[in-house]
Amino acid sequence: MRLYDSVIADTKEQLSMLTPRAWAYDESRAWPDAGVSELVLMRDAAYELGGSGCPAVNFTCVTTEDILTENQVVLYGPDLRELKKDAPYARIAILKTTQLGEDDEEAYKAVRDIEFVKYHVFPKGYMFRISSGDFREQVRVSKSALRRGISFRNVGFDFIRQYLKNPNVLKVKLIFVTDPKAPYQMLTADAKKASDITRTLTHILDGMPTDCSSCNLKPICDEVEGMRKLHFERNGRGMGTG
Ligand code: SF4
C-alpha cells in the first residue's frame, strides 16, 4: 500500500521548516478516554483549536513502507497548556499497516476501518467535531482538563492506543500542529488528496465499472501512482488506457 506515500512525503516537506517536539508512546501516560462522546459547554471551555475562523485540518494516511520506527507523538507549535486563546490546528495520523494485498477487498475494508478509528476516540475534556466535507477537526478544550494536566502528548497517546487496537495497524505517528506559521493551506490540500484517495478506493470496492473516459475520479487516478492499476487488476482486465 503506497497510494498515500506522495501525501506523506508532501506533508513532511511542508512541515520541514518548523521545529518539532516528539515523545515516544507510553500507554501508561495516555489521557483518560471517556469512551463516549462528551459535551464541553462553551462556558467550561478555555479555547477552541480551530475556533474563531482559525484553520483546523485533519487527515489520515496509511502506508506499508518502513518509514515509522516507533509509535510517536510529534508537536509543531505551542502545547495545550501554552495556548491562551483560539488557535490554528492540524492533526495528522500516519499509520504503518500490515501488508494489505492490493487486490484484496478485505484489505481495503481494513483501511476504511482504520479511518473510522477517529470517531471512537474521546479524550476527556477534549471535545472534537469532525467535518469530513472540508477536512476540518475543531476541538473545544475544557478548563478543568487543562487544570488536570492535559497535553498533546497524553491526548496523542490516547489516539495511538485506539489505533493500535486494530490488528492491521503496526505503528502510529500522530502529528499535532498549532504553530501560527505552519502552512495550513498546503496541509488542507494534502487532506483533500488523502480524502480523494480513500474515496476512490471506496468506489473501486463498490464495483464501479472501469470506464476511465466517463469517470469523475480520473484526475485522482492520473495523479496517484498505482490507483488505476488497482482498479483494472481488481476487475480482472489488465491495464486500461485511461
Ligand atoms: S481506473 Fe479509471 S474507472 Fe477506475 S477509478 Fe480510476 S479513472 Fe475511474
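Q: Can you walk me through the pairing of strand S4 (residues 72–76) in this structure?
A: Two faces belong to every sheet, and in a regular strand the side chains alternate between them. In the sheet, strand S1 (residues 21–24) pairs with S4 via four bridges, with the strands oriented antiparallel. Residue Ala22 lies in a different strand from S4, and its bridge partner there is Val74.

Q: Just to check I follow, could you spell out the domain arrangement of the chain for this structure?
A: In many analyses, interface size is given as the accessible surface area lost on bringing the parts together. By domain assignment, the chain separates into domain 1 (5–206) and domain 2 (208–242). Between the C-alpha centres of domain 1 and domain 2 the distance comes to 30 Å. With eight residues of domain 1 at the interface, the matching set in domain 2 holds ten residues. A per-class count over the side of domain 1 that touches domain 2 returns two nonpolar, two polar and four charged.

Q: I'm lost on helix H4 (residues 152–163) in this one. Help?
A: Structurally, the α-helix is built with 3.6 residues per turn, so residues lying three or four positions apart point the same way. The terminal C-alpha atoms of H4 lie 16 Å apart, and with twelve residues this matches the ideal 16 Å at 1.5 Å per residue to within 8%. Within H4, burial applies to Phe152, Arg153, Asn154, Val155, Gly156, Phe157, Asp158, Phe159, Ile160 and Tyr163. Where H4 is buried, its residues contact S1, S4, strand S5 (89–97), strand S6 (126–131) and strand S8 (169–177).

Q: I'm lost on the packing of helix H1 (residues 5–15) against helix H5 (residues 184–205) in this one. Help?
A: Packed helix pairs are specified by the crossing angle of their axes together with the interaxial distance, meaning the distance between the axes. Following both chains from N to C, one finds H1 and H5 inclined at 170 degrees, their axes separated by 10 Å at the closest point. The angle between H1 and H5 places the two elements in the roughly antiparallel class. Facing Val7, Asp10, Thr11 and Gln14 of H1, the residues of H5 in contact are Met186, Leu187, Asp190, Lys193 and Ala194. Here the residues of the contact of H1 with H5 sort into four nonpolar, two polar and three charged.

Q: Teacher, can you tell me more about the site of the ligand here?
A: In the neighbourhood of the ligand, the contacting residues comprise Thr200, Ile204, Thr210, Asp211, Cys212, Cys215, Leu217, Lys218, Cys221, Met227, Arg228 and His231. For the shell around the ligand, the elements supplying multiple residues, two or more each, are H5, helix H6 (218–223) and helix H7 (227–234). Of all the elements, H7 adds the most residues to the shell around the ligand, at three residues. The residue makeup of the shell around the ligand, split by class, is six nonpolar, three polar and three charged.

Q: Would you mind going over the environment of Ala182 with me for this structure?
A: On the secondary structure map, Ala182 appears in the loop between S8 and H5. Separated by 16 residues in sequence, Ala182 and Thr198 have C-alpha atoms that sit 25 Å apart. In this structure Ala182 touches Leu18, Tyr76, Gly77, Pro88, Ala90 and Val177, once residues within four positions along its chain are discounted.

Q: Looking at this structure, how should I read the confidence of the model for the chain?
A: Should the pLDDT be low somewhere, the predicted coordinates at that spot are not to be read in detail. Chain-level statistics for the chain give a pLDDT mean of 88 and a share of 93% at 70 or above. The low-confidence segment residues 238–242 (pLDDT under 50) makes ten contacts with residues lying over four places distant or belonging to another chain.

Q: When you look at the environment of Met186 in this model, what are you seeing that I'm missing?
A: With respect to the element layout, Met186 can be found in helix H5. Along the backbone, Met186 and Gln14 are 172 residues apart, and their C-alpha atoms lie at a distance of 7.2 Å.

Q: What is the right way to look at the nonpolar core in this model?
A: Soluble, globular proteins show a tendency: their nonpolar side chains are buried together. Counting residues in each nonpolar core, the largest one holds 60 residues, and the members touching the most others are Tyr4, Val57, Cys61, Ala90, Ala93, Leu95 and Tyr126. Residue contributions to this core peak at seven residues, all from H5. In this structure Ala90 touches Val57, Asn58, Val177, Ala182, Tyr184 and Leu187, once residues within four positions along its chain are discounted.

Q: Help me understand the environment of Asn235, please; the structure alone is not making it clear to me.
A: Among the structural elements, Asn235 can be located in the segment after H7. Given 15 C-beta atoms within a 10 Å radius, Asn235 is considered partly exposed. On a C-alpha basis, the gap between Asn235 and Pro209 in space is 8.0 Å, while along the polypeptide they are 26 residues apart.

Q: Which parts of the structure should I look at to understand unusual backbone geometry?
A: When glycine is set aside, most residues are seen to have a negative phi, and most peptide bonds are trans. If you check the backbone angles, Ser52 has positive phi at about 55 degrees while not being a glycine. Locating Ser52 in the fold gives a position in the loop between strand S2 (45–49) and strand S3 (56–63). Under the C-beta neighbour-count criterion, Ser52 is labelled exposed, with 10 such atoms within 10 Å. Positive phi, normally seen in glycine, also occurs at Phe135, with a value near 65 degrees. Relative to the assigned elements, Phe135 resides in the loop between S6 and strand S7 (136–142). On the neighbour-count criterion, Phe135 (20 C-beta atoms within 10 Å) is buried.

Rules of the game
Residues numbered from 1 in each chain as written. Predicted model: local features only at pLDDT ≥ 70, side-chain atom pairs only at ≥ 80, totals over all residues. Pairing = 2+ DSSP bridges. Helix = DSSP H or I, 4+ residues; strand = E, 2+ residues; numbered from the N terminus. Domains from an automatic or database assignment. Contact = placed C-beta atoms within 7 Å. Nonpolar A, V, L, I, M, F, W, Y, C, P; charged D, E, K, R; others polar. Expected span 1.5 Å × (residues − 1). Buried ≥ 20, exposed ≤ 12 C-beta atoms within 10 Å, placed from the backbone. Axes fitted to C-alpha atoms, helices over the stretch in contact; angles between N-to-C directions. Parallel < 35°, antiparallel > 145°, perpendicular 65-115°, else oblique. Near = placed C-beta within 6 Å. pLDDT = per-residue confidence, 0-100. Core = buried A, V, L, I, M, F, W, Y, C linked by C-beta atoms within 7 Å.

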